[in-house]
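Residue-level listing of the chains:
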Amino acid sequence: EEQKHGDNQTQEKKKKKKKKNKKKKTADGKEVEEDDDDEADEESKQETSNQKLSYSRFQDNSRFRLLGSWAEGPTKQTNPPTIPIDKQFPKKDYPVGEISEYFNENRKRISAEELRERDKLLEHQIQCLRKAAECHRQVRKYAQSYIQPGMKLIDICDRLEEMNRRLVEANGLDAGIAFPTGCSINHVAAHYTPNTGDNTVLNYDDVCKIDFGTQVDGRIVDCAFTVAFNPKYDKLLEAVKDSTNTGVKAAGIDVRLCDIGEA
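A quick note: this is a predicted structure, and the numbers were derived from the prediction, not measured.

K.L.:
Help me out: how do you make sense of unusual backbone geometry in this one?
P.N.:
Backbone torsion omega between N79 and P80 reads 5°, so that peptide bond is classified as cis. Positioned with a positive phi, E169 is a non-glycine residue whose angle comes to about 55°. With respect to the element layout, E169 can be found in the loop between α7 (153-168) and β3 (175-177). In this structure, H191 is a non-glycine residue whose phi angle is positive, near 70°. Inspection of the secondary structure assignment puts H191 in the loop between β4 (182-185) and β5 (207-216).

Here is the structure:
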């Protein structure tokens, strides 16, 4: 029995050694050792491919006040997100998103051929912005799936930024997060970012402004949303939403900033 036990141990060691020294033949018939990292990458790819794709964008956000749920619609993303934006859109045909038409004196940009042609020169910049916008949209949805009372602000920001980097495939100045995530509570209007050791917690009675950005080739897409759970803030949220939509509608090329603020 002792001999049999020893033989079994020897066989196990051989199997492990064989697995570590796994070889493959190249095109010219030579044998080369496979890199363990390659095996890990293959396992990671297999794990991703085994995840069930969600073909709907719907997400219930009813725990948030007036934030709105994500509408039904097709998506190429897993849940939680694992597929980078460029893998979803290999032809770079990123979604256009909502178009806000010009009005007043800027309406001529829609009909004047010369100005439309001039705008086409910005095609690369627009493509970068649409990629960043789609990344931002998917990260925003992901963040809204886990934010809830009782979470530390720093944990909210860390998870959001990690996903932002993953989906845009962060690469130095070519792509990545645009700035530290803003996570501002109550009397702090904007641009507060928790640092390491900050144990501030999001509570049910708080109003929290989540503000983050995605950049592609230096083109920044920045969007914020307000998180609130208590219905006493509904009127405040309605006013802010109406003001934001009005500001977007009034914005445009050559529009004076004071006119946007006045609107």
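Still more ground to cover, so stick around.
K.L.:
Even after reading the chapter, I still don't get the nonpolar core, so can you show me in this structure?
P.N.:
Within the largest apolar cluster, 32 residues are counted, with the highest numbers of intra-cluster contacts made by Y146, I147, I156, L202, I210 and V227. Mapped by element, the contributors of at least two residues to this core are α6 (123-146), α7, β4, β5 and β6 (219-228). Other than its neighbours up to four places away in sequence, I156 contacts Y146, I147, M151, L202 and I210.

K.L.:
What am I meant to see in the side chain of R140 here?
P.N.:
As for its position among the elements, R140 is in helix α6. In this structure R140 is buried but unpaired, with E134 as the nearest side chain of opposite charge at 8.3 Å. If near-sequence neighbours (up to four positions away) are discounted, R140 is found in contact with W70, F212, C223 and F225.

K.L.:
Is there a simple way to think about the pairing of β5 in this case?
P.N.:
Side chains on a regular strand alternate between the two faces of the sheet. Most of β5 is tucked away: ten of the ten residues are buried. Alternating positions in β5 separate into two faces, V207, K209, D211, G213 and Q215 on one and C208, I210, F212, T214 and V216 on the other, with burial throughout. Examined bridge by bridge, β3 and β5 share three bridges and lie antiparallel to one another. Bridging across to β5, I177 finds its partner in T214. Direction of pairing for β4 relative to β5: antiparallel, over a ladder of four bridges. From the neighbouring strand, I185 faces β5, where its bridge partner is C208. Relative to β6, β5 runs antiparallel, the two sharing ten bridges.

K.L.:
Got a minute to help me understand α7 in this structure?
P.N.:
Residues that lie three or four places apart on an α-helix share one face, since the helix turns once every 3.6 residues. In this model, α7 (16 residues) spans 23 Å end to end at C-alpha, consistent with the 22 Å of a helix rising 1.5 Å per residue. At the C-terminal side of α7, E169 shows a positive phi close to 55°.

K.L.:
Looking at this model, I keep getting lost on the side chain of D234. Mind explaining?
P.N.:
Looking at the element boundaries, D234 is found in helix α8 (residues 234-250). By relative accessible area, D234 is classed as buried at 16%. Residues contacting D234, with those up to four places away along its chain left out, are R65 and L66.

The rules behind these values
Residues numbered from 1 in each chain as written. Predicted model: local features only at pLDDT ≥ 70, side-chain atom pairs only at ≥ 80, totals over all residues. Heavy atoms only, no water. Helix = DSSP H or I, 4+ residues; strand = E, 2+ residues; numbered from the N terminus. Core = buried A, V, L, I, M, F, W, Y, C linked by side-chain atoms within 4.5 Å. Buried < 20%, exposed > 50% of the residue type's maximum accessible area, 1.4 Å probe, protein only. Contact = heavy atoms within 4.5 Å. Lys, Arg positive; Asp, Glu negative; His and termini not counted. Salt bridge = Lys/Arg side-chain N within 4 Å of Asp/Glu carboxyl O. Pairing = 2+ DSSP bridges. Expected span 1.5 Å × (residues − 1).

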